[in-house]
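Next come the chains, spelled out residue by residue.
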Amino acid sequence: MEANVFMFYLFSATMLFFALLAVTSRRILRAAVFLLFALVATSGLYFLLQYQFLAGVQLALYAGGIVVLIIFSILLTHHISHRFERPPLMKVFSGLLVAVTGALITIFSVVRYPYKASDTIPIDTNMRIIGMQLMGTGKNGYALPFEVISVLLLAAMIGAIVIAKKRT
Amino acid sequence: MIHGIPITHFLIVSTVMFFIGIYGFLTRRNLITMLMSIELILNSVNINFVVFNKYLYPDQLQGHFFALFIIAIAAAEASVAIALIINIYRRYTSIEADDVNEMKY
């Protein structure tokens, strides 16, 4: 077995295992740490696909930003030793039914569709090309979504401050 | 193009991750853990975009940029959601979804 195939299955197994633990763990802080592991394994998949910039963004924003934010809010709202009750059996059963049925239907249609892998020469994804396309206005340019998302981030930041501050 | 790994394996992995997120969203009753399930769902969608980009259109970067923008949206969504959760906690001293059933001011 080649090294990259082995790494793919290793990362995928890690990711799915920790994702499953993150939604079933009864201690909330552990669930957050399991989520962190699942997101780090995902960035390993991006490294495998040779999108280094995206993998770096995934590590910095998801693992460094969002998970830290979630852990802060857990510490603000829970006791560390708090354990959840087990979810009622009926709810577990109906959730499993929905998830397994949906997964089977999707996997069935994914496996049956004949994907044709393109054999064009892959674009070199270095920082220069990413930056030129992200700020470009012509073909393959993403200047407008870039500006819109910067305004959205500003609005979300101000909104979060206004919502979370104490009323006097 | 990655040699030796068919595209369907990537898609199956991301599908399973998506439905793990769905399962968590349906069974958890705590607002923060529901938010974590949403992060899992967004993450699996990201994998799909990146893999389609890499395997089907390797001469462009559209899926790559979509994944970048989704990560940014996820950050904005998480910050607003956590601000709401902290506000709810101040008001009800609980963040179980069953306890938050009033919409009046």
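Residues numbered from 1 in each chain as written. Chains lettered and ligands numbered in written order. Predicted model: local features only at pLDDT ≥ 70, side-chain atom pairs only at ≥ 80, totals over all residues. Heavy atoms only, no water.

**With respect to the overall build of chain B**
Keep this limit in mind: Only DSSP runs of H or I reaching four residues or more are called helices, and only runs of E reaching two or more are called strands; each is numbered from the N terminus. When we talk radius of gyration, it's over C-alpha atoms, and the globule rule is simply 2.2 Å times the number of residues to the 0.38. Three exposure classes are used, based on accessible area relative to the maximum for each residue type with a 1.4 Å probe and protein chains only: buried under 20%, partly exposed in between, and exposed over 50%. All accessible-area figures derive from a Shrake-Rupley calculation using a 1.4 Å probe, and residue coverage is judged against the displayed protein chains alone. Within this scheme the basic residues Lys and Arg register as positive and the acidic residues Asp and Glu register as negative, but His and the chain ends are omitted. Where a charge sits is defined by one atom per residue type, namely NZ (Lys), CZ (Arg), CG (Asp) or CD (Glu).
Summing up its helical and strand segments, chain B has three helices and zero strands in all. In terms of overall dimensions, chain B is more spread out than a globule: its C-alpha atoms have a radius of gyration of 18 Å, far above the 13 Å expected for 105 residues. Its C-alpha atoms put chain B at 55 × 25 × 15 Å along the principal axes. Each of the 105 residues in chain B was classed as buried or not, and the buried ones make up 57%. When the accessible surface of chain B is totalled, it reaches about 4200 Å², and 65% of it is carbon and sulfur. Side chains of chain B carry 6 positive and 7 negative charges; the gap between the two charge centres is 4 Å.

**Some thoughts on the environment of Gly138 of chain A**
Residue and element names in this part refer to chain A. The residue Gly138 is located in the loop between helix H5 (127-135) and helix H6 (143-164) in this model. Residue classification places Gly138 among the exposed positions, given a relative accessible area of 53%. Taking the C-alpha atoms as reference, Gly138 lies 18 Å from Met127; in sequence the two are 11 residues apart.

**Points about the interface of chain B and chain A**
In plain terms, the rule: Contacts are residue-level and defined by heavy atoms, with any inter-residue pair within 4.5 Å sufficient. In short, buried area is how much 1.4 Å probe accessible area vanishes from two parts on joining, totalled over both. One side-chain nitrogen of Lys or Arg within 4 Å of one carboxyl oxygen of Asp or Glu is enough to make a salt bridge.
Across the contact, 73 residues belong to chain B and 81 residues belong to chain A. Together chain B and chain A conceal approximately 7100 Å² of surface at their shared face, both sides included; 76% is due to carbon and sulfur atoms. Joining chain B to chain A, the criterion identifies zero salt bridges. Of all the elements in the fold, those that place two or more residues in the side of chain B that touches chain A are helix H1 (7-27), helix H2 (31-56) and helix H3 (62-92) of chain B. Element by element, the count of residues in the side of chain B that touches chain A is highest for H3 of chain B, at 23 residues.

**A few points about a nonpolar patch on the surface**
For clarity, the cut-off: Like charges within 9 Å and nonpolar side chains (Val, Leu, Ile, Met, Phe, Trp, Tyr) within 5 Å are joined into patches, using only residues over 30% in relative accessible area that form no salt bridge.
A cluster of nonpolar side chains, contributed by Leu154, Met157, Ile158, Ile161 and Val162 of chain A, occupies part of the molecular surface with about 490 Å² of accessible area. Locating Met157 of chain A in the fold gives a position in helix H6.

**Re the confidence of the model for chain B**
Here is the rule: On a range of 0 to 100, pLDDT expresses the predictor's confidence in each residue.
Looking at chain B, pLDDT values average 88 and 95% of them are 70 or higher. Here the prediction assigns the complex a pTM of 0.90, and the interface score ipTM is 0.90.

**A word on the packing of aromatic side chains**
Think of a pair of aromatic rings as described by two things: how far the centres are apart, and how the planes are tilted against each other in angle. How we decide: Any two of the Phe, Tyr and Trp rings considered here, Trp counted by its six-membered ring, make a pair once their centres fall within 6.5 Å; the pair's planes then place it as stacked at under 30 degrees, edge-to-face at over 60, or tilted in between. As a reminder, the over-ring test applies to NZ of lysine and CZ of arginine, requiring each to be within 6 Å of the ring centre and within 35 degrees of the ring normal.
Per the counting criterion, the structure on display carries 12 aromatic pairs over all chains. Judged by centre distance (5.3 Å) and plane angle (65°), the rings of Phe17 of chain A and Phe18 of chain A are edge-to-face. Judged by relative accessible area, Phe18 of chain A falls into the buried class, the value being 16%. Both rings, one in Tyr142 of chain A and one in Phe69 of chain B, keep their centres 6.4 Å apart while their planes meet at 45°; by these two values the pair is tilted. Taken together, the residues Tyr142 of chain A in the loop between H5 and H6 and Phe69 of chain B in helix H3 connect one chain to another. Members of the aromatic cluster, connected to one another through ring pairs, are Phe8 and Tyr9 of chain A together with Phe10 and Tyr55 of chain B. The ring of Tyr51 of chain A has Lys54 of chain B sitting right over it, with the charged end atom 5.0 Å from the ring centre.

**Focus: helix H3 (residues 52-77) of chain A**
Basically, it comes down to this: Here, expected helix span is obtained from the residue count minus one, scaled by 1.5 Å.
Look at H3 of chain A: 36 Å from first C-alpha to last across 26 residues, which is about the 38 Å you get at 1.5 Å a residue. Looking only at H3 of chain A, the buried set comprises Leu54, Ala55, Val57, Gln58, Tyr62, Ala63, Ile66, Val67, Ile70, Ser73, Ile74 and Thr77 of chain A.

**Describing the environment of Tyr51 of chain A**
Examined against the element boundaries, Tyr51 of chain A turns out to sit in the loop between helix H2 (28-48) and H3. Once the C-alpha coordinates of Tyr51 of chain A and Thr125 of chain A are considered, the two residues, 74 residues apart in sequence, prove to be 6.8 Å apart.

**Some remarks on the layout of surface pockets**
What counts, and what does not: With a 1 Å grid spanning the protein atoms alone, the term cavity applies to any set of points in which a 1.4 Å probe fits but cannot get out, the term pocket to an open set with protein on both sides within 12 Å along at least five of seven lines, and the term lining residue to any residue with an atom within 4 Å of a point. Grid points are joined across faces, edges and corners, and a volume is the space filled by probe spheres set on the points. The nonpolar class holds Ala, Val, Leu, Ile, Met, Phe, Trp, Tyr, Cys and Pro. Asp, Glu, Lys and Arg form the charged class, and all remaining residues, Gly among them, are polar.
Of the voids in this model, the largest pocket is the one considered here, and its volume is about 410 Å³. Looking at the largest pocket, it is lined by 19 residues, and the ones nearest its centre are Phe84, Glu85, Arg86 and Pro87 of chain A together with Thr27 of chain B. Listing elements by their share of the lining of the largest pocket, those giving two or more residues are helix H1 (3-24) and helix H4 (89-112) of chain A together with H1 of chain B. Residue classes in the lining of the largest pocket are distributed as six nonpolar, four polar and nine charged.

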